[in-house]
Amino acid sequence: MTTPKGLSPTYRVREALAMTVTTSKDAYLYCYYSDAGGTVARIFPNKFTPDSYVSANRPTSIPGKNARFGIVFDKPGATEEVLCVASEREAGLRLPDRLKQQDLAPLPVASLDEMGQ
């Protein structure tokens, strides 16, 4: 994962997240975002880019050119994070039902750490 601002970016208020994920193997990719309040939502795949399958060594932009959503930072000094998980097998189908929520909507987890577990 990287951004135009590097691997550990610092954003200013009103700047938008732009990131790229590249996998070394063909994989199923899932990315989750935790906002300043700790709310976690799946940002990839999503209704604008519904396929989680990505090809090896081909950058995937998130939110992406054709996405009709953005993540704009609005709280000074807040920490917001993204977690991406790539797997050679379709991991999304194996998630507990409570985590198979609509994309871009809050998930019933307390943190990205819990999501990773």
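In short, a report on the structure. (Residues numbered from 1 in each chain as written. Predicted model: local features only at pLDDT ≥ 70, side-chain atom pairs only at ≥ 80, totals over all residues. Heavy atoms only, no water.)

**Brief notes about the overall build of the protein chain**
At step 1: Looking only at helices and strands, the protein chain features 1 helix and 6 strands.
At step 2: Walking the protein chain from its N terminus toward its C terminus, one meets helices and strands in the order β-β-β-β-β-β-α.
At step 3: Here the C-alpha radius of gyration of the protein chain, 14 Å, is about what a compact globule of 117 residues would show, namely 13 Å.
At step 4: Along the three orthogonal principal directions, the C-alpha set of the protein chain runs to about 40 × 30 × 25 Å. (Helix = DSSP H or I, 4+ residues; strand = E, 2+ residues; numbered from the N terminus. Rg over C-alpha atoms; globule rule 2.2 N^0.38 Å.)

**Quick notes on the packing of aromatic side chains**
At step 1: According to the stated counting rule, one finds 3 aromatic pairs in the structure shown.
At step 2: Between Tyr-28 and Tyr-53 the ring centres are 5.1 Å apart and the planes differ by 65 degrees, which places this aromatic pair in the edge-to-face class. Highlighted residues: Tyr-28 in strand E2 (residues 27–34) and Tyr-53 in strand E4 (residues 53–54), separated in sequence by 25 residues.
At step 3: Note on Tyr-28: relative accessible area 23%, which makes it partly exposed.
At step 4: Classification of Tyr-53 as partly exposed rests on a relative accessible area of 36%.
At step 5: Here the guanidinium or amino end of Lys-5 rests over the ring plane of Tyr-11, the centre of that ring lying 5.4 Å away. (Phe/Tyr/Trp six-rings, centres within 6.5 Å; stacked < 30°, edge-to-face > 60°. Buried < 20%, exposed > 50% of the residue type's maximum accessible area, 1.4 Å probe, protein only. Lys NZ or Arg CZ within 6 Å of the ring centre and 35° of its normal.)

**Here we look at unusual backbone geometry**
At step 1: In this model, Phe-44 is joined to Pro-45 through a cis peptide bond whose omega is -5 degrees.
At step 2: Counting through the fold element by element, Pro-45 comes out in the loop between strand E3 (40–44) and E4.
At step 3: Cis peptide bonds are those with omega within 30 degrees of zero, and the linkage from Ile-62 to Pro-63 qualifies with 10 degrees.
At step 4: Looking at the secondary structure, you find Pro-63 in the loop between strand E5 (60–62) and strand E6 (81–87).
At step 5: Phi at Arg-14 is positive, roughly 80 degrees, even though this residue is not glycine.
At step 6: In this fold, Arg-14 is placed in the segment before strand E1 (19–21).
At step 7: Located in the positive-phi region is Leu-104, a residue other than glycine, with phi close to 60 degrees.

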